[in-house]
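Results of the structural survey
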Amino acid sequence: MFYLIYAEDVENSLALRMSVRENHLARLRALQDQGRLLIAGPCPAIDNENPGEAGFTGSLIVAEFNSLPDAQAWADIDPYIAAGVYKKVTVKPYKKVLPE
C-alpha cells in the first residue's frame, strides 16, 4: 500500500537541508530503485520552482510500504529529522486513484 509522508520544515531550514540533502536523496533513490516511490519533492516557500534563498517549507513523499508502522519507521530515520530540518512529520495511508 502507498503511504503519504508530509513533513513541515522549521523556519529558515535551507542551510540545514543542504547539509544532508544527498543523504536524504539517496534514501529516496533506493525506494525508486525498488519500484516503491510514487512521488517526492519539496514545497517551495514562494511561488517558484527555484525559490533560492526563500527555501522550502516542507516535503511530500508518497511511497509503498508493507504497513503504516513500516512507513513511520522509515520516515522517523530521515536525515532531515536528524539534522533538525523537520519540525513535524505526518504519515498516513494513501490510495492512488489517478492517473491510472
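The structure displayed is predicted, hence computed values, not measured ones. (Residues numbered from 1 in each chain as written. Predicted model: local features only at pLDDT ≥ 70, side-chain atom pairs only at ≥ 80, totals over all residues. Heavy atoms only, no water.)

Notes on the pattern of salt bridges
Scanning the model with the defined rule gives four salt bridges in all. A salt bridge links Arg29 to Glu22, with the nearest nitrogen and oxygen atoms 3.9 Å apart. Classification of Arg29 by relative accessible area gives partly exposed; the value is 43%. The closest approach of N and O atoms between Arg27 and Asp78, which form a salt bridge, is 3.5 Å. Of the two residues, Arg27 is situated in helix H1 (residues 14-33) and Asp78 in the loop between helix H2 (68-76) and helix H3 (79-82); the sequence distance between them amounts to 51 residues. This pair shows no difference in class: Arg27 is buried, exactly as Asp78 is. Shared partners join several salt bridges into a network, and the residues in it are Arg21, Glu22 and Arg29. (Salt bridge = Lys/Arg side-chain N within 4 Å of Asp/Glu carboxyl O. Buried < 20%, exposed > 50% of the residue type's maximum accessible area, 1.4 Å probe, protein only. Helix = DSSP H or I, 4+ residues; strand = E, 2+ residues; numbered from the N terminus.)

Thoughts on the sheet that holds strand E4 (residues 86-94)
Strand order across the open sheet formed by four strands is E2-E3-E1-E4, with antiparallel pairing between neighbours. At either margin of the open sheet sits one strand with a lone partner, and together these are strand E2 (37-44) and E4. Adjacent strand axes in the sheet meet at a mean angle of 10°, parallel and antiparallel pairs treated alike. In this structure, E2 lies alongside strand E3 (residues 56-64), joined through seven bridges in antiparallel fashion. From the neighbouring strand, Ile39 faces E3, where its bridge partner is Val62. Sitting on the sheet, H1 is in contact with strand E1 (2-9), E2, E3 and E4, with an inclination near 10° to E3. Packing against the sheet, H2 makes contact with E1, E3 and E4, and its axis sits at approximately 155° to E4. (Pairing = 2+ DSSP bridges. Axes fitted to C-alpha atoms, helices over the stretch in contact; angles between N-to-C directions. Contact = heavy atoms within 4.5 Å.)

With respect to the side chain of Ser59
Turning to its location among the elements, Ser59 is positioned in strand E3. Of note is the side chain of Ser59, whose polar atom sits 2.8 Å from the side chain of Arg17. (Polar contact = N/O pair within 3.5 Å; in protein donor to acceptor, adjacent residues only side chain to side chain.)

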